[in-house]
Amino acid sequence: MAGGKTGGRPVEIICPACKCDAILRREAVYDGLRKTGERLFCSACGHEFSNEASIPFKRAAKPRIFTDEDRSERVDVFRNDERGRNCRHCAHYTVNPFTQRCGLTWRIVEATDTCEKFEPRPTDGDKRGKKETNGASSGDGHPDR
Ligand SMILES: [Zn+2]
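Parameters and conventions
Residues numbered from 1 in each chain as written. Predicted model: local features only at pLDDT ≥ 70, side-chain atom pairs only at ≥ 80, totals over all residues. Helix = DSSP H or I, 4+ residues; strand = E, 2+ residues; numbered from the N terminus. Buried ≥ 20, exposed ≤ 12 C-beta atoms within 10 Å, placed from the backbone. Contact = placed C-beta atoms within 7 Å. Pairing = 2+ DSSP bridges.

1. Description of the overall build of the protein
Link 1 in the chain: Within the protein one finds two helices and six strands.
Link 2 in the chain: Ordering the α and β elements of the protein from the N terminus gives β-β-β-β-α-β-β-α.
Link 3 in the chain: For the protein, buried positions account for 6% of its 145 residues.
Link 4 in the chain: In the protein, 46% of the contacts between residues at least 6 apart in sequence involve partners at least 24 apart.

In structure tokens form, the structure reads like this:
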């Protein structure tokens, strides 16, 4: 047992015999005083695996650590979502004669801006169906009849 031993941690498996989450049990096989091999068992039902390659380790089912690939996928998902998060649909969106501001940070925003503090405005637009983007910025102090 000098060197070469790969830790004594329990190894999780999903046993094909009993379909349980189980622990792989290793049992050393000795020929006299010499260790000649290992037998591998399911801790739940005692099913014996013929070799290590045939063991259904649970490792694959573990939640993965985020990689850069995952992150870029996440951004894409977020982007799709952003379409519904424009400032013009936000409860904090405030239209003044000259500017459009965020009522929360009081920063000047565009109607098409997106914001992480977005809150959907209740009953937005449906009441009158008017367009609120046109009015504010394109000088409409002239009732044109
Ligand atoms: Zn089993």
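2. Looking at the sheet that holds strand 2 (residues 21-31)
Link 1 in the chain: Here four strands make up an open sheet; going across it, the order is 1-2-3-4 and the pairing antiparallel. This sheet does not close on itself; its edge strands, each paired only once, are strand 1 (11-14) and strand 4 (48-49).

3. Details of the pairing of strand 2
Link 1 in the chain: Taken together, the four bridges between strand 1 and strand 2 define a ladder with antiparallel strand orientation. When the bridges of strand 2 are listed, Glu12 appears paired with Ile23.
Link 2 in the chain: If you look at the hairpin formed by strand 1 and strand 2, you'll find six residues sitting between the two strands, and Lys19 has a positive phi there, around 60°.
Link 3 in the chain: Pairing geometry for strand 2 and strand 3 (residues 34-42), over eight bridges, is antiparallel. Among the inter-strand pairings, Arg26 is bridged to a residue of strand 3, identified as Leu40.
Link 4 in the chain: Counting the residues that bridge the hairpin from strand 2 to strand 3 gives two residues, and of these Gly32 lies at a positive phi of roughly 70°.

4. Description of the environment of Ser50
Link 1 in the chain: As for its placement among the helices and strands, Ser50 is situated in the loop between strand 4 and helix 1 (68-82).
Link 2 in the chain: The class of Ser50 is exposed, set by 9 C-beta atoms lying within 10 Å.
Link 3 in the chain: Along the chain, Ser50 and Arg39 lie eleven residues apart, while their C-alpha atoms are 7.7 Å from each other.

5. Side note on unusual backbone geometry
Link 1 in the chain: Phi angles above zero are rare outside glycine, and Lys19 is one such case at about 60°.
Link 2 in the chain: Inspection of the secondary structure assignment puts Lys19 in the loop between strand 1 and strand 2.
Link 3 in the chain: Positioned with a positive phi, Trp106 is a non-glycine residue whose angle comes to about 60°.
Link 4 in the chain: Within the secondary structure, Trp106 sits in the loop between strand 6 (100-102) and helix 2 (132-137).

6. Considering the pairing of strand 3
Link 1 in the chain: As defined by bridge partners, strand 3 adjoins strand 4 across two bridges and the pair is classed as antiparallel. The partner of Leu40 across the bridge, within strand 4, is Phe49.
Link 2 in the chain: Where strand 3 hands over to strand 4, the hairpin turn is made up of five residues, of which Gly46 adopts a positive phi near 85°.

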